[in-house]
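# Inside the fold
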Amino acid sequence: MDKIVNNSNKAIKETDKIFEISEDYTYFIPDTLTNYEQYRTNQTPLVIDIGTSQTNAGWASDALPYLQFSTQVAKFRDRKTSRNVIYIGNEIYRAEAMSRSNIRSPYDSNIIINSELLEYMMDYIFLKLGVNSSSIENPIVMTETLCNPNYSRKLVSELMFECYNIPSICYGIDSLFSYYQNNELFENGIVISSGNHSTNVIPVIDNRGILSSSQRLNYGGFEAAEYMLKQLQFKYPTFPSRMTNIQAQEITQKYCHVSLDYSEEIERISKQESRQDDIVIQFPFTPIVVEEIDEEELKRREQMKKEQGTRLQKQAAKQREEKLKQKIAYLEELEQLMKLKDEDEDAFKEGLIDYEMDDEDDLKKTINKLNTYITKANNKKLGIEESETKEKPVFPLLDIPDDQLTPEERNQKKRQKMLKASYEAREKIRREKEEERQRIEEEKRKEEEKRLKDPEGWILYNKIQERKKRKNQLSDRRSQVSQSRMRSIAHLADDEDLAPKRRRRGQDEDTFGLNDEDWSIYRTINKDEHSDTEEEEVNQFNHLEELLIQYDPEFIPQAVVEKNEKKKTIISQLSYGLEGFNEENQAQQYQVRLNVEQIRIPEVLFQPSIIGLDQAGVIEIVNDALKHFSEEQQNKMVKNIFLTGGNINFPNMKQRIINEIRGILPYKTIFNVNQAKDPILDAWKGAAKWGSINNQIEFKKSCITRQMYEEYGHDYLIEFPMSNKFLNF
């Protein structure tokens, strides 16, 4: 699945390692069924290793499990057929996308709690194994986790005996079955098992696992993948593609390794020379094809745009001309109507009704508006600019007492009051804008004088940077600048002129803001913090840069300088390499770079405090487990330290444990660390060996029969060297 890809958009160094993430996950699903009659006749035990991540199932006489699939169930309602659909294990990823959004597991952490989902999985196993009878006539060997609760075992036993009518079942710890597969004599030793949800340490003394001295660390493959996902999301907060847990799990399993010296390697990763060891993961993406346009095409498009603009201008001019003609014709009709007033009063009144005029005054206003419009339009055609001079409105009725006015005039007086108030408000706003404009012009003039008198002291870029720095400080409430601003607000709001005024009026509530003068406080506060000319200064700075680029070929713009400075930061180099982020490179936008993550994820097994887990590391819990035994027993156990579980496959894991174990043992203590031949499948193989024909006597002693199930309880367990301890509460 690992595949080195070539990136045409960017020159990749030979030391860069770029791998593609899997876009489609395909798993093996056997199409043929086993010959059940053969196994039913021989009473061959059926071995089921149902783990939190992967389930392995098959017959005890086979070398490998016939079924290997993920421990997942997807149940949803198909909209097309209106039927419930169930997919199990690897078939989920062959089904429609709807199934992937409904994935569930019978486990909570590493404890089985959902018997319904477990039943679906058992149906799937028996179906694929070719079981065609109404009941299962073969004994079952099933693995379970360390210190599995009686309730969880009770759910499994009830399902097996009540639903499938099995003759007997045997429960054993998965890691001890793996130890039995690699050490058939089950000699004294200590088992370190790192699985999907936990890491366990189980001492083995006198051919039996000593569970009372076992230790547990709540960190496994699932937590490692989850931690990897969080690390990448924090490192690339704007990553355009959605990272899934399955992708994080693949990255963790393939590209992480255990560091032999974590502190030293972290120090090495922080140096530029170590970027050659980074691993780049390329996520799937669809490249956007950018159309390349030559100079001739650009000229042609520009010409088309000009022609289109000219055509639109002509259309607009033609429409204006037609509208002007209509206005002139309408004006002539209204003027003819006005002449009828002296000639024929009745015809004049009928004309007002026809033209929807209220009275003679309304007609005059309309005529005046038309004359003004036509005059402006003709002047615009001739290129004559008019200066708009508005006369100050007059409100004659406001100075006359109401008792001297008729009811109609009093209504007009109220209307004039409203018009006067609106006019004064507009005038006030206009004066304030004019004052503000004059203030800005005065500041510009002073700034220009300062620049001419002291060019070295006046540096536009420094002013812009200082303003940015001050804004950043204001965003931090604990900074000195922000606290000083809050003190200014408090002092200005509690001004001596405002407080007595409130006390005289007898107002206890805060009336700040009722008067327009109150808001001038903010102008005082923001005088240095937010300049109205900030945007103009930035534009001016950009313009000066353009001139320098034009006249000085060696000049480097400040944006380029800042970008180069950003590339030198350790965060940028860890995320995007020495060359930094290239916005034009589409492939790089969908890439993640692994450096410190390669060793940090597995290191949690040795230092759980990295993720805030208040537990001891794997070496510490091994040391705690050894302290429960005598010195003679410890010397026997350390000669056979056994590693199993999926996380043992991390490169350098065995050597790191050897180095760490040497540090906790007395000087010159002889010890040996062995690793399972197949850390993932050895649990199933060990269970199959326990139920094989060569071990039938011991196997039958470890099985729970239907009679025992009914007599001793549904959670009953027979203890044997690889089993949990049964505690009857």
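The notes below deal with the structure included here. In every chain, residue numbers begin from 1 and rise along the written sequence. Where totals are concerned, whole chains, interfaces and linings use all residues; where local detail is concerned, this predicted model gives features only for residues with pLDDT of at least 70, and gives and counts side-chain atom pairs only at 80 or more. To get the side-chain values, take all heavy atoms of the structure and skip hydrogens and water.

## Observations regarding the nonpolar core
Only buried residues count toward a nonpolar core, which is a set of Ala, Val, Leu, Ile, Met, Phe, Trp, Tyr and Cys residues joined through side-chain atoms within 4.5 Å. The cut-offs for exposure are 20% and 50% of the maximum accessible area for each residue type, with area from a 1.4 Å probe on protein chains only; residues under the lower value are buried, those over the upper are exposed, and the others partly exposed. Formed by 50 residues in total, the largest nonpolar core has its most connected members in Ile251 and Ile281. Put simply, DSSP marks the helices as runs of H or I at least four residues long and the strands as runs of E at least two long, and each gets a number from the N terminus on. Tallying contributions element by element places helix H22 (residues 618-626) first for this core, with six residues. We call two residues contacting when some pair of their heavy atoms lies within 4.5 Å. Excluding residues that lie within four positions of it along the chain, Ile281 makes contacts with Phe19, Ile21, Ile251, Tyr255, Tyr590, Gln591, Val592 and Leu594. Within the second largest apolar cluster, 40 residues are counted, among which are Tyr36, Ile112, Leu129 and Met142.

## Some details on the sheet that holds strand S5 (residues 73-78)
For two strands to be treated as a pair, DSSP must find at least two bridges joining them. Reading across the sheet, the three strands line up as S6-S5-S7 and stay open at both edges, with antiparallel pairing between neighbours. Sheet topology places strand S6 (83-88) and strand S7 (103-104) at the edges, where each strand pairs with a single neighbour. Across two bridges, the pairing between S5 and S7 is antiparallel. Paired with Ala74 across the two strands is Ile103, which belongs to S7.

## Quick word on the packing of aromatic side chains
Centre distance and the angle of the planes are the two values used to describe a pair of aromatic rings. Aromatic pairs are defined between Phe, Tyr and Trp rings, using the six-membered ring for Trp, whenever the two ring centres lie within 6.5 Å; interplanar angles under 30 degrees are classed as stacked, those over 60 as edge-to-face, and all others as tilted. Per the counting criterion, the structure on display carries 20 aromatic pairs. Considering the side-chain rings of Phe285 and Tyr590, the 5.1 Å spacing of their centres and the 15° angle between planes classify their relative orientation as stacked. Linking Phe285 in the loop between strand S16 (279-282) and helix H9 (295-343) with Tyr590 in the loop between helix H20 (586-589) and strand S17 (591-594), this pair joins segments that are 305 residues apart in sequence. Ring centres 6.1 Å apart and planes at 50° place the aromatic pair Tyr330 and Tyr355 in the tilted group. Of this pair, Tyr330 sits in helix H9 while Tyr355 is found in the loop between helix H10 (345-354) and helix H11 (360-382), placing the two residues 25 residues apart along the sequence.

## Side note on empty space enclosed by the protein
Points on a 1 Å grid, built from protein atoms alone, make a cavity when a 1.4 Å probe fits but cannot get out and make a pocket when they are open with protein on both sides within 12 Å along at least 5 of 7 lines; residues with an atom within 4 Å of a point are the lining residues. Grid points are joined across faces, edges and corners, and a volume is the space filled by probe spheres set on the points. Considering all chains together, one arrives at three cavities of 30 Å³ or more under this definition. In this structure, the second largest cavity encloses a volume near 50 Å³. Considering the residues around the second largest cavity, the lining is formed by Tyr236, Val280, Ser575, Tyr576, Gln588, Gln591 and Arg593. Broken down by secondary-structure element, the contributors of at least two residues to the lining of the second largest cavity are helix H19 (570-576) and S17. The residue inventory of the lining of the second largest cavity, partitioned by class, reads three nonpolar, three polar and one charged. Under this grouping Gly is polar, as are all residues other than the nonpolar Ala, Val, Leu, Ile, Met, Phe, Trp, Tyr, Cys and Pro and the charged Asp, Glu, Lys and Arg.

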